[in-house]
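Chain and residue survey
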Amino acid sequence: MRYRVRAHFRETHDVVTVVLDPAEEPVPVPRPGQFCMLWLPGVGESAISLSGRSHPDEPLVHTVRAVGPVTAALCALGVGDEVGVRGPFGRDFGLDDPDLDGADLAIVAGGLGLAPLRPVLYRVLDERDRFGEVTLLVGARAPEELLYPDELERWSRSGAVAVFQTVDRAWPNWPHEVGVVTQLVPLLRGRVDRTWAFVCGPELMMRYAARSLVGRGIRPERVLVSLERNMQCGFGLCGHCQLGPFFVCHDGPVLEWSRVESLMAVRER
Amino acid sequence: MARDGFCLDLEPPTGEAAVVGRDALDALIAVLRADGYEVIGPVRRDGVIALAPVTTLGDLPTGWGDEQQPGHYRLVGRDDDALFGYAVGPHSWKAELFPPRADLYEVRRSGSGGFEVQASPPDDRPRAFLGVRACEVAALAVQDRVFLEGATRDPVYARRRAQAVVIAVDCGDPSSSCFCASMGTGPRVTGGFDLALTELATGDALVVRVGSDRGAALLARIPHRTPTRDELDASREVSRSAEQLLRRRLDTTGLRELLVAEVEHAEWDAVAERCLACGNCTSVCPTCFCSSVEEVTDLAGERAVRRRSWASCFSQQFSYLNGGTARAGIGARYRQWLSHKLSTWFDQYGTSGCVGCGRCITWCPVGIDLTREVVALRTRPSSATAVGMSLAEEL
């Protein structure tokens, strides 16, 4: 489906958020954790998670890091340019699950991993009474690499979410933590026996974070990680995104740690 | 080697049997062509038995056989004039149903920053497959699971498959690479065909088994007669003696679990020393289904075609991820391929992805033989770390 760029924001030196309006019949509304294939004719396609609100009245919002030719071209889009959108694809974070009623939430993001988790936060804030304690742990390489710093401050000030931030390298006067995001896990609020965790970030970070969350007593089937592989078709046919028995584009990207731990323990799997 | 359900059970044929002569087979080709089918069958081309359009029985490689070993394929003249006296060649029917290249849609620039998309016209000629071996009938059933019953139904495959007429042939002279009996897929065709032929050792008679209404209707239009008891016995004897010629074995006992357990076996490093990551095995495999879509643009950049092509998990770009690649080492890629074929395929499609055709063995330029790789994986002790690495080492 053709979409048109309404607006774009530079988030960091290589990350851009694009806001897209449908130029024809829109795609179904992606749920938090799902992704779309963004297509630039003549350049190619890239799988990008929803980073905006999951709502029929809202535009489609995606946050893209310029890594290869397609993502670089997506980051260079101007207002009014057209983009092809296929999707949404994949398994989402399952926020509709009634098992989450009354749950404490641990949302753990590393780097660009905050982008697919932002729709989770929007939804949680919209239904704040449905949940117990909500903690957001955010890690990035450096302060200037942190996504959505204004929103982080706003969420933190509102008191609705306990937000803890950390960076690998800090400036002088950096008011938050220094170190890897896993070190923040002891700061989680709530009770581990009713905590659900949503984790997204680089694979190594997710592995440590998931182990640390499970080590703290959270059940491994309640630790949901959002995986990344080479998603091309989006519907489990082209084969590129396989991880063991899973087509990550179709069976994932969100999968329970209990189902992927052994796969992620093996290098180059 | 038990037929333990490692591969799919096929719908057994319902119809009866008949005997036809070679002239009737020629008539069958003519009947199919008159009905608008492109008949694809075995031909001798480029030093191999290839699959290509045929117009008469004369196009078939009469009197030719083959000699196959790991990394070795030669055509040899037979001392009879058998029509089907060879095993499978490098081509499989996969190419007819899941074309190596297919244009999906075309896009043109329009105005400032906009574009228009149009679906490319599909190539939907009806096709008839002449000379489909038992392992290949099994491979079609596997591909049906992948393309018709998997996560998504593939429209190109679905259209072509629904039209395809399958005229199977029982193997009388399997190659040394074949291990269909181990996989429970051959050498005798047991289902999944419209008509199945057995070329009898003597004379020009072929026993025909009817596997579908479509097959019965075709048989009715060519000269045929009722088989004698001796002819039916002779037909079964062709398969019995073929089975005795099958020397290669793959022990499927606990194979799924083996591939899960042995992810860190030293053999993955050992095979990486030999594997060239050329992707020949995935090209010749009748069930490998991975594909990539490329944008093919004209010089002015005004027009682009989205083209789907076969892809191989042996290429480095296959698992491209964030400027890198998930499976950088060749050992990890071989492990992915073999584990998928023999183990995770079950998780995805409820069947083995290997049907025992032996093509990957013959067409591997360095003769890597998956049956021997499985033997190596069964051999203990496995090393503590091959491709795998402990968390501590990464820090």
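With that settled, consider the overall build of chain A. Along chain A, the regular secondary structure elements total 5 helices and 15 strands. For chain A, the C-alpha radius of gyration of 18 Å lies close to 18 Å, the compact-globule estimate for 269 residues. Taken over the C-alpha atoms alone, chain A extends approximately 50 × 45 × 35 Å along its principal axes. A total of 269 residues make up chain A; the buried ones form 58% of that total. Computing the positive centroid from 29 side-chain charges and the negative centroid from 35, chain A places the two 4 Å apart.

Turning to helix α4 (residues 203-216) of chain A, a few remarks are in order. All names here are of chain A. Over its 14 residues, α4 extends 20 Å from the first C-alpha to the last, a length consistent with the 20 Å expected when each residue adds 1.5 Å. Looking at α4, one finds that the buried residues are Met205, Met206, Arg207, Ala209, Ala210 and Leu213. In the segment just after α4, glycine 217 is the residue with positive phi, at about 120 degrees.

Residues and elements named next belong to chain B. Partitioning chain B into domains gives domain 1 (2-99 + 121-245) and domain 2 (255-288 + 313-394). Here domain 1 and domain 2 have C-alpha centroids that lie 30 Å from each other. Each partner contributes residues to the interface: domain 1 has 32 residues there, and domain 2 has 29 residues. Summed over both sides, the interface of domain 1 with domain 2 buries roughly 2,400 Å², with 64% coming from carbon and sulfur. Ranking the residues of domain 1 by area buried against domain 2 places Phe6, Lys94 and Phe179 at the top, with a combined share of 26%.

Glancing now at the nonpolar core. Residues Val199 and Leu213 of chain A are the most contacted members of the largest nonpolar core, which totals 100 residues. Per-element accounting of this core gives the leading share, 9 residues, to helix α3 (residues 134-148) of chain B. Built from parts of two domains, this core gets at least three residues from each of domain 1 (2-99 + 121-245) and domain 2 (255-288 + 313-394) of chain B. Apart from residues no more than four positions distant in its own chain, leucine 213 of chain A is found in contact with Ala106, Val108, Val185, Leu188, Ala197, Val199, Ile218 and Val223 of chain A. Residues Val20, Val54, Leu195 and Val210 of chain B belong to the second largest nonpolar core, which totals 38 residues.

Right, let's talk about the environment of arginine 161 of chain B for a bit. All names here are of chain B. Inspection of the secondary structure puts arginine 161 in helix α4 (residues 155-163). As for arginine 161 and threonine 202, which are separated by 41 residues in sequence, their C-alpha atoms are 34 Å apart. Excluding anything up to four places from it in sequence, arginine 161 contacts Leu97, Leu140, Asp144, Leu148 and Val166.

So, about the sheet that holds strand β2 (residues 38-45) of chain B. Across a sheet, paired strands are connected by hydrogen bonds in the backbone, their directions being either parallel or antiparallel. Residue and element names in this part refer to chain B. Judged by pairing direction, the sheet is mixed, and its 7 strands sit side by side in the order β1-β11-β10-β9-β8-β2-β3 without closing on themselves. Both edges of this open sheet fall to β1 (17-20) and β3 (48-53), since each of them pairs with a single strand only. Across the sheet, the mean angle separating the axes of adjacent strands is 25 degrees when strand polarity is ignored. Across the sheet, helix α7 (residues 229-245) touches β1, β10 (195-199) and β11 (206-210), and the angle it forms with β11 is around 90 degrees.

On to the interface of chain B and chain A. The interface is formed by 50 residues belonging to chain B together with 40 residues belonging to chain A. Taken together, the links from chain B to chain A amount to 1 salt bridge. A salt bridge links glutamate 45 of chain A to arginine 306 of chain B, with the nearest nitrogen and oxygen atoms 3.0 Å apart. Of all the secondary structure elements, the ones that give two or more residues to the side of chain B that touches chain A are β6 (101-110), β7 (114-119), α3, β12 (291-297), β13 (303-310), β14 (320-321), α11 (330-349) and α14 (391-394) of chain B. In terms of residues, the side of chain B that touches chain A owes the most to one element, α11 of chain B, which gives 8 residues. In the side of chain B that touches chain A, the residues fall into 24 nonpolar, 16 polar and 10 charged.

Here is what the cut-offs are and how they apply
Residues numbered from 1 in each chain as written. Chains lettered and ligands numbered in written order. Predicted model: local features only at pLDDT ≥ 70, side-chain atom pairs only at ≥ 80, totals over all residues. Heavy atoms only, no water. Helix = DSSP H or I, 4+ residues; strand = E, 2+ residues; numbered from the N terminus. Rg over C-alpha atoms; globule rule 2.2 N^0.38 Å. Buried < 20%, exposed > 50% of the residue type's maximum accessible area, 1.4 Å probe, protein only. Lys, Arg positive; Asp, Glu negative; His and termini not counted. Charge placed at Lys NZ, Arg CZ, Asp CG, Glu CD. Expected span 1.5 Å × (residues − 1). Domains from an automatic or database assignment. Contact = heavy atoms within 4.5 Å. Buried area = accessible area lost by both parts, 1.4 Å probe. Core = buried A, V, L, I, M, F, W, Y, C linked by side-chain atoms within 4.5 Å. Pairing = 2+ DSSP bridges. Axes fitted to C-alpha atoms, helices over the stretch in contact; angles between N-to-C directions. Salt bridge = Lys/Arg side-chain N within 4 Å of Asp/Glu carboxyl O. Nonpolar A, V, L, I, M, F, W, Y, C, P; charged D, E, K, R; others polar.

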